[in-house]
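Below are the chains, spelled out letter by letter.
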Amino acid sequence: MKRPLRSTLQFLASLVVGLGGVAAVLYFVGWREILGEMRALGALGMLSVLGLVALPMLAWILCWSVILYAQGIQIPLFRRIGAQLSGYSMTYLTPTMYFGGEPIRAFLVVDKERAPMTRVFATIIVERFLGGLSMVGFILIGSFYAIVSPDLPASEKRLLIAGLAFVTFWIFVGFINFVGNLKWVSRIVRFLGRLMLRWQDPLQRAADKISETEDEVGIAFTRHWRATLVVLALQGVATLCAFMRPEVFFRFSAGHGFTFSQLSLLFTLNVLLSFFLWITPGGLGTSEAGLIGIFHLVAPQASSGAVVAYSLVYKFAEWLLVIAGVLYMLQRGMGFLGRRRAEPH
């Protein structure tokens, strides 16, 4: 079976599984209760939800723009916005919540004269890495409250510590690699090329490109450190919006909020849930079921219907961005094909 067809079938299968999961959750929780919780949110509450989804996207666009400017790369604003939305869409639809759309974003803005691929990809790596660093900072706060909380069973605490250690370790490794420009990734690829003689030439060429990208990333962290600090602050704003999601929804829909420790725990456990259970497009089905368990553990005052409504309302807002990104990709793709047909042969 050809790879594009296999990928399409895999995506459709995961979509069917996700929709089936949502249907099961709606059936067992009660769709009338869920709709009632959504209506209770009100117009002002819905606008607040949309704002909490749109503001991080704006922050990410500004983050990337700051890094591009620091690197001397000039890309039209509309193309930057379209590429950011497209990358977000691909990440959202693939089986990982935090990575996946970066190559699409790079390809949509690359220009051999003004924006070489290695430099553009380096700016994306820096932006995503700083986003991960900001997220780990909030996770550390949540993990502290989780570890000292008497309400969290010891088994869940061990699982939380293991997940936190896994995420923090790779962020720390990436930080050391980028700041010191140690080129561990390109070295690993070169080593694999020496082991697999059949693929030696392609792997060596790939290692050369990766090495160029690592150089650009190292420059961003050393020579452009002021821009890096600005981006880290903007990433903090985006992460804060995700942190405040439960407070905003339940404040408008149910009239009650959460303590800081509860918000910290909800954020941390939700991040870990997204890392390991984002196996369907948009986390359909899996995230709703997982969130019911998380809220029952951390904030039992929230009913299952309210939790599912919370998840679906934010997914609705996120899907608006996803659709915009997909439409931009389609528009760019059709424009590219039109130019190719117009070229003389």
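Keep in mind the model is a prediction, meaning the values are calculated, not measured.

Cut-offs used in this document
- Residues numbered from 1 in each chain as written.
- Predicted model: local features only at pLDDT ≥ 70, side-chain atom pairs only at ≥ 80, totals over all residues.
- Heavy atoms only, no water.
- Helix = DSSP H or I, 4+ residues; strand = E, 2+ residues; numbered from the N terminus.
- Buried < 20%, exposed > 50% of the residue type's maximum accessible area, 1.4 Å probe, protein only.
- Contact = heavy atoms within 4.5 Å.
- Areas by Shrake-Rupley, 256 points an atom, 1.4 Å probe, with all protein chains shown as cover.
- Core = buried A, V, L, I, M, F, W, Y, C linked by side-chain atoms within 4.5 Å.
- Expected span 1.5 Å × (residues − 1).
- Phe/Tyr/Trp six-rings, centres within 6.5 Å; stacked < 30°, edge-to-face > 60°.
- Lys NZ or Arg CZ within 6 Å of the ring centre and 35° of its normal.
- Axes fitted to C-alpha atoms, helices over the stretch in contact; angles between N-to-C directions.
- Parallel < 35°, antiparallel > 145°, perpendicular 65-115°, else oblique.
- Nonpolar A, V, L, I, M, F, W, Y, C, P; charged D, E, K, R; others polar.
- Salt bridge = Lys/Arg side-chain N within 4 Å of Asp/Glu carboxyl O.
- Patch = residues over 30% accessible without salt bridge, like charges linked within 9 Å, V, L, I, M, F, W, Y side chains within 5 Å.
- pLDDT = per-residue confidence, 0-100.

## Observations concerning the overall build of the chain
And then number 1: When helices and strands are tallied, the chain shows 13 helices and zero strands.
And then number 2: Reading the secondary structure of the chain in the N-to-C direction produces α-α-α-α-α-α-α-α-α-α-α-α-α.
And then number 3: Scored against the burial criterion, the 345 residues of the chain give a buried share of 44%.
And then number 4: Intrachain contacts of the chain at a sequence separation of at least 6 include 75% that bridge at least 24 residues.
And then number 5: Carbon and sulfur atoms make up 70% of the accessible area of the chain, which totals about 18200 Å².

## Some thoughts on the nonpolar core
And then number 1: Core analysis: the largest hydrophobic core is formed by 63 residues, its most contacted members being Phe249, Phe250, Phe295 and Tyr314.
And then number 2: Residue contributions to this core peak at 11 residues, all from helix 13 (residues 304–342).
And then number 3: Once residues within four sequence positions are removed from consideration, Phe295 is found in contact with Pro246, Phe250, Phe258, Leu266, Pro300, Ala302, Val307 and Tyr310.
And then number 4: Trp64, Ile73, Ile124 and Met329 belong to the second-largest nonpolar core, a separate cluster that totals 12 residues.

## Overview of helix 3 (residues 77–93)
And then number 1: Under the 1.5 Å per step criterion, the end-to-end length of helix 3 is 24 Å for 17 residues, consistent within 8% with the ideal 24 Å.
And then number 2: The buried count for helix 3 comes to 12 of 17 residues, which makes it a mostly enclosed element.
And then number 3: Those residues of helix 3 that fall on the buried side of the exposure criterion are Arg80, Gly82, Ala83, Gln84, Leu85, Ser86, Gly87, Tyr88, Ser89, Thr91, Tyr92 and Leu93.

## Remarks on the packing of aromatic side chains
And then number 1: With the rule as written, the count across this model stands at 16 aromatic pairs.
And then number 2: For the ring pair Trp60 and Tyr88, a centre distance of 6.1 Å and an interplane angle of 35° mean the geometry is tilted. One end of the pair, Trp60, is in helix 2 (residues 31–70); the other, Tyr88, is in helix 3, and 28 residues separate them in sequence.
And then number 3: On the accessibility criterion, Tyr88 (16% relative accessible area) is buried.
And then number 4: Here the aromatic residues Phe249, Phe250, Phe258, Phe295, Tyr310 and Tyr314 are joined through ring pairs into a cluster of three or more.
And then number 5: A cation sits over an aromatic face here: Arg105 above Trp64, 4.8 Å from the ring centre.

## Some words on the packing of helix 2 against helix 9 (residues 225–243)
And then number 1: At a minimum axis separation of 8 Å, helix 2 and helix 9 run at an interaxial angle of 170°. Taken together, helix 2 and helix 9 sit at an angle that is classed as roughly antiparallel. Of the residues in helix 9, those touching helix 2 at Leu52, Leu55, Pro56, Ala59, Trp60, Leu62, Cys63, Val66, Ile67 and Ala70 are Ala227, Val230, Val231, Leu234, Gln235, Val237, Ala238 and Cys241.
And then number 2: Across the contact of helix 2 with helix 9, the residue classes break down as 17 nonpolar, one polar and no charged.

## Side note on the environment of Phe107
And then number 1: On the secondary structure map, Phe107 appears in helix 4 (residues 102–109).
And then number 2: Sequence separation of Phe107 and Phe121 is 14 residues, and the distance between their C-alpha atoms is 8.9 Å.

## A closer look at the pattern of salt bridges
And then number 1: Considering all chains together, one arrives at five salt bridges under this definition.
And then number 2: Here Glu247 ties to Arg251 by a salt bridge, and the two come within 2.7 Å at their closest N and O atoms. Taken together, the residues span about one helical turn, with Glu247 and Arg251 both in helix 10 (residues 245–253) at a distance of four residues.
And then number 3: For Glu247, a relative accessible area of 13% corresponds to the buried category.
And then number 4: Its relative accessible area of 43% is what places Arg251 among the partly exposed residues.

## Points about a nonpolar patch on the surface
And then number 1: Together, Phe172, Phe175, Ile176, Val179, Trp184, Ile188, Phe191, Leu192, Leu195, Met196 and Trp199 line one region of the surface with nonpolar side chains, adding up to about 1000 Å² of accessible area.
And then number 2: Looking at the nonpolar patch element by element, the count peaks at five residues for helix 7 (residues 184–195).
And then number 3: Of the residues examined, Trp199 reaches a relative accessible area of 49% and is grouped as partly exposed.

## Notes on the confidence of the model for the chain
And then number 1: Per-residue confidence for the chain gives a mean pLDDT of 79; residues scoring 70 or more make up 81%.
And then number 2: Predicted confidence in the chain is weakest over helix 1 (residues 3–29), with a mean pLDDT of 63, and strongest over helix 10, with 94.
And then number 3: In the model, residues 336–345 has pLDDT below 50 throughout and makes one contact with residues more than four positions away in sequence or in other chains.

## Digging into the side chain of Thr123
And then number 1: In this structure, Thr123 sits in helix 5 (residues 117–148).
And then number 2: The residues touching Thr123, leaving out its near neighbours within four places in the chain, are Trp64, Ile67, Leu68, Gln71 and Ile73.

## Regarding the packing of helix 7 against helix 8 (residues 200–222)
Packed helices, taken two at a time, are described by the angle between their axes plus the distance between the axes.
And then number 1: Relative orientation of the contacting elements helix 7 and helix 8 amounts to 175°, with a least axis distance of 8 Å. Regarding the angle of helix 7 to helix 8, the classification is roughly antiparallel. Between helix 7 and helix 8, the residues in contact are Trp184, Val185, Ser186, Val189, Arg190, Leu192 and Gly193 and Gln200, Leu203, Gln204, Ala206, Ala207, Asp208, Ile210, Ser211 and Glu214, respectively.

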